[in-house]
Structures are given as structure tokens and as C-alpha cells.
Amino acid sequence: MAATRELLDRVERHCSGEHSAKALREAIVAELRRAIPFDGYVFAVTDPVTRVATAPLADVPGLPWERLPELIRWRYQTTINRWTEMLDAGESAASLLATTCGEPSASPLWHNVQRDLGVTDSASVVFGDRYGCWGFLELLRRSPVPFAKNEIALLSALSPMVTAGLRRALARTFVAPAEHVTRLGPAVVILGPDLAVRNQTAGAAEALAKLLPPDEPISPIPAAVYNIGAALIASENGVPVGPPWSRVNLGGSRWLTVRADRIGGEIAVSIEVSTSAERMDLFARTHALSARETEVLELLATGLDTKEIAAALVLSDHTVNDHVKAVLAKCGARNRQVLLSRAHGG
């Protein structure tokens, strides 16, 4: 019991620190290795609205690189212990064998891919709150010993603090220095039904090279492209995760929006700089703004002053000023100009 409390305390310290989303996930995985045996993992950040994965951090033993699209495709078509179903059901952690009553073949992901990798059980954790879904973690085990109830309970206890930690880490991207991206030409990647990359525009190649975070040895964009394509296929097959688009952070305050649509029998994935509205929504969610505070922020962004906002929302000037002060405090901005610059990315 003392060891569990110490682990929770260490994870809480990581989540309360100044880690990036990637560094936070790495620290959490390292802590979990000290408490729970596992052979592989997938730890993804998700768009809080669409719940589509954007930047997976993973170590899947035995997975050939060419099977990665297949793994992602089946992950989205498997509703058993999928992060979306768990979040909707209010379940923060679960194991595959417990959910399937010892019949893992009930999971298309396990039956079609994970079984070949020697996976015997998996433990899934979802990270979500009232502001959205921020990510999920899957631990993979290849030993004959299934995940125990106390291990699942520990993962469940970690969920709220990791949720808040991931959200705050993404909020910090809006103040991190980064090169300002002014233009991005047509950027489209074409995928086949199996998610294999068939083609891409010259603009896509240029955009990926230009916007690749300098500290990432492998671009997160291919993973985002596969996930968006898989989300579209899942929706077409009647098991949707969410709309097939997501916002992807490329380091600093750079955000792209990735979308998927059908062109004949193929999938076209477009990549473009996130709009001000897309950034504003994400900015409000990551900083845990209330619905009213978000309304005030959006009206501030249109150029309205206090009296005009008060008239639009049928509030007093004093109440509007209180909301503005609350927004500034939550976002760590010293004035309205700094606040809007961060939210817009200007």
C-alpha cells in the first residue's frame, strides 16, 4: 500500500511539473515499469473534441513497421476497451481478458494483429474530463499472467491526475516560442483502403519537412495521417470514434489540422495550419475555461470591448470584467493583448 501511494505521489509530481506532453508520457511509462510488469505500450494524445489520436508514443515488440497501418486500422474498428467507449461509460481502466471473460478473440485488434505479436493481455486507460478526451494508454503483456485487479485499480487511480497533466502540458504549448508559420500550400496525402500511402502532393512533402519538430527523430504526421484515415474507416463501418479530423501540435505553439475524406476508393488526408477558431477552441479547453469564460474569450477575439460584450451576453460590465480576470488568471496572461496573441497564435 505504501509503495502504491509513493508511485501515485511521484506521478502527481510529474503531472504538476513543466513537462511537455511527450516528456510527461515518458516519465509516466518509466514510473509504471517500476510497479506493473508489461512488455509494450501505446500512449497517445488525442484531439479533445474528435478523440482521434494525434501523437502516439509507442513500443510494440515484434511489430514490423509495414504492419503499423494495419494495427491502427484495427484499433479504431475495435470497440472492446476502446478509449471512446470507456470514456462514455465512465470507466477509466480495464483489461482485455477481464472484459472479454477470457476470450480475447472477441477483440478484432487482438485477433487480427496482437495475437501474432504474442500479446496475451492488455490494460487500457483513458484520460478525459469535462473539457474533452486528452489521450489513452494501452499496456501490453506477453506472459501467461493476466493483469490483476489491483493493477487495474492502480491505473484507474492514475487517470485523473494524468488527465489534468496532459491537458496542462498542451496548454503550455500556447506560450512556448516557435517559428511563426505564415503560409502552407496545398498539402494532401492519399491513402489506400489499407491505409498505405499511395501518393502525396509536393506541398505535403514541403509542409512535413518545414514543420517537423526539431527534437523528433520521426515525424508525427504519418502517425496522425494513419489515425485520421482509420477514424474515417471506422465511421464508415458504423463504429465511429469521432469526426475524422484532429489538431496536431508540432512543437512550440505550432498547430496543424489534419482531415480525411473519400475520393473514390481512396482516402485524401489534408494538412493545413489550424484556423484561429480551431486554436481558440483548443486554447479554451486546455486552460479549463468554463462555457461562459469561453464565450467571453471568443467575443474578445472579435474586438469587442467590455460594454459591447456585456450587451451581447446580457451581463453587467462588472460581471464581464470578473470573467476576463478569471480567464487571464487561468491562462497566465498579464493582459488582454497577450491573451489573444497566444490564443490566435499571432
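Relevant structure appears above.
Residues numbered from 1 in each chain as written. Predicted model: local features only at pLDDT ≥ 70, side-chain atom pairs only at ≥ 80, totals over all residues. Heavy atoms only, no water.

K.L.:
What exactly am I supposed to notice about the overall build of the protein here?
P.N.:
Of regular secondary structure, the protein possesses 14 helices and 10 strands. Computed over the C-alpha atoms, the radius of gyration of the protein is 21 Å, within 12% of the 20 Å expected from 2.2 N^0.38 for a compact globule of 346 residues. Counting every position in the protein, which comprises 346 residues, the buried fraction comes to 52%. Counted over contacts in the protein with a minimum sequence separation of 6, partners at least 24 positions apart contribute 65%. When the accessible surface of the protein is totalled, it reaches about 15,100 Å², and 55% of it is carbon and sulfur. Between the centroid of the 36 positive side chains of the protein and the centroid of its 38 negative side chains there is a distance of 3 Å. (Helix = DSSP H or I, 4+ residues; strand = E, 2+ residues; numbered from the N terminus. Rg over C-alpha atoms; globule rule 2.2 N^0.38 Å. Buried < 20%, exposed > 50% of the residue type's maximum accessible area, 1.4 Å probe, protein only. Contact = heavy atoms within 4.5 Å. Areas by Shrake-Rupley, 256 points an atom, 1.4 Å probe, with all protein chains shown as cover. Lys, Arg positive; Asp, Glu negative; His and termini not counted. Charge placed at Lys NZ, Arg CZ, Asp CG, Glu CD.)

K.L.:
Would you mind going over the pattern of salt bridges with me for this structure?
P.N.:
Side-chain pairs of opposite charge can arise whenever the charged atoms involved come near each other. By the definition in use, this model includes 21 salt bridges. Across the pair Asp-281 and Arg-285 runs a salt bridge whose closest N-O atoms are separated by 3.0 Å. Placement of both Asp-281 and Arg-285 in helix H10 (residues 276-286) is noted, with a separation of 4 residues, approximately one turn of the helix. When its relative accessible area of 25% is taken as the criterion, Asp-281 is described as partly exposed. (Salt bridge = Lys/Arg side-chain N within 4 Å of Asp/Glu carboxyl O.)

K.L.:
Hey, could you run me through the sheet that holds strand S7 (residues 197-200) in this one?
P.N.:
Note on sheets: strands pair through backbone hydrogen bonds, and any given pair is parallel or antiparallel. Strands sit in the order S7-S6-S10-S9-S8 across an open sheet of 5 strands; the sheet is antiparallel. Each of the sheet's edge strands pairs with one partner strand only, and the pair in question is S7 and strand S8 (245-249). Strand-to-strand twist in this sheet, taken as the mean axis angle between neighbours without regard to direction, amounts to 25°. Alignment of strand S6 (residues 188-191) against strand S10 (residues 266-273), held across 4 bridges, turns out to be antiparallel. By the bridge assignment, Ile-190 is partnered in S10 with Ala-268. (Pairing = 2+ DSSP bridges. Axes fitted to C-alpha atoms, helices over the stretch in contact; angles between N-to-C directions.)

K.L.:
What is the right way to look at the pairing of strand S1 (residues 40-45) in this model?
P.N.:
For S1, the tally of buried residues reaches 6 of 6 residues, placing the bulk of the element in the interior. On S1, burial covers both faces: Gly-40, Val-42 and Ala-44 on one face and Tyr-41, Phe-43 and Val-45 on the other are all buried. Note: S1 against strand S5 (residues 132-141), 6 bridges, orientation antiparallel. The partner of Gly-40 across the bridge, within S5, is Leu-140.

K.L.:
Is there a simple way to think about helix H13 (residues 317-331) in this case?
P.N.:
Within an α-helix, residues lying three or four positions from one another point in the same direction, as the helix has 3.6 residues per turn. Over its 15 residues, H13 extends 21 Å from the first C-alpha to the last, a length consistent with the 21 Å expected when each residue adds 1.5 Å. The set of residues buried in H13 consists of Val-320, Val-324, Val-327, Leu-328 and Cys-331. Relative to the axis of H13, the buried residues are bounded by an arc of 100° and lie together on one face. Opposite the buried face of H13, at more than 90 degrees from it, the exposed residues are His-318, Lys-325 and Ala-329. (Expected span 1.5 Å × (residues − 1). Arc of directions from axis to C-beta.)

K.L.:
How do you make sense of the packing of helix H1 (residues 2-15) against helix H7 (residues 149-171) when you look at a structure like this?
P.N.:
Axes are the key here: two packed helices are described by the angle between their axes and the distance separating the axes. Between H1 and H7, the least distance of the axes is 9 Å, while the angle of their chain directions is 10°. As far as their axial angle goes, H7 and H1 are roughly parallel. Listed contacts from H7 to Thr-4, Leu-7, Leu-8, Val-11, Glu-12 and Cys-15 of H1 are Leu-154, Ala-157, Leu-158, Met-161, Val-162, Gly-165 and Arg-168. Split by residue class, the contact of H1 with H7 holds 9 nonpolar, 2 polar and 2 charged. (Parallel < 35°, antiparallel > 145°, perpendicular 65-115°, else oblique. Nonpolar A, V, L, I, M, F, W, Y, C, P; charged D, E, K, R; others polar.)

K.L.:
Please explain the pairing of S10 as it appears in this structure.
P.N.:
Consecutive side chains of a regular strand alternate in pointing toward one face of the sheet and then the other. Where strand S9 (residues 255-263) meets S10, 8 bridges bridge the pair, whose relative direction is antiparallel. Pairing of Arg-259 across the sheet is with Ser-270, part of S10. Taking the residues between adjacent antiparallel strands as the criterion, S9 and S10 are bridged by 2 residues, where Gly-264 takes a positive phi near 65°.

K.L.:
Whenever I open this one, the packing of aromatic side chains confuses me. Can you help?
P.N.:
Centre-to-centre distance and the angle between the planes together describe a pair of aromatic rings. Evaluation of the coordinates by the stated rule reveals 6 aromatic pairs. Centroid distance Phe-174 to Phe-283: 5.2 Å. Interplanar angle 90°. Geometry classified as edge-to-face. Taken together, the positions of Phe-174 in the loop between H7 and S6 and Phe-283 in helix H10 put the pair 109 residues apart, joining distant regions of the chain. With a relative accessible area of 3%, Phe-174 lands in the buried category. Residue Phe-283 is classed as buried on the basis of its relative accessible area of 1%. In textbook terms, an aromatic cluster arises when at least three aromatic residues are bridged by ring pairs, as seen for Tyr-76, Trp-83 and Phe-136. Taking the ring centre of Phe-147 as reference, the NZ or CZ of Arg-141 above it sits at 3.9 Å. The ring of Trp-245 carries the charged tip of Arg-259 above its face, separated from the ring centre by 5.4 Å. (Phe/Tyr/Trp six-rings, centres within 6.5 Å; stacked < 30°, edge-to-face > 60°. Lys NZ or Arg CZ within 6 Å of the ring centre and 35° of its normal.)

K.L.:
Before we go on, may I ask you to explain the nonpolar core in this structure?
P.N.:
For soluble globular proteins, the rule of thumb is that nonpolar side chains tend to be buried together. Residues Phe-43, Leu-155, Val-162 and Leu-339 are the most contacted members of the largest nonpolar core, which totals 58 residues. Of all the elements, H7 adds the most residues to this core, at 9 residues. Setting aside chain neighbours within four positions, we find Leu-339 in contact with Phe-283, Leu-297, Leu-300, Val-327, Leu-328, Cys-331 and Ala-333. With 47 residues, the next largest nonpolar core counts Val-60, Ile-228, Leu-250 and Ile-267 among its residues. (Core = buried A, V, L, I, M, F, W, Y, C linked by side-chain atoms within 4.5 Å.)

K.L.:
So what exactly am I meant to see when it comes to the packing of helix H11 (residues 291-301) against helix H12 (residues 306-313) here?
P.N.:
Here H11 crosses H12 at 130°, and the two axes come no closer than 10 Å. Here H11 is positioned oblique relative to H12, judged by the angle of their axes. Crossing hand, H11 versus H12: right-handed. Facing H11, whose interface residues are Arg-292, Glu-295, Val-296, Leu-299 and Leu-300, H12 presents Ile-309, Ala-312 and Leu-313. (Left-handed = near helix turned anticlockwise from the far one by under 90°.)

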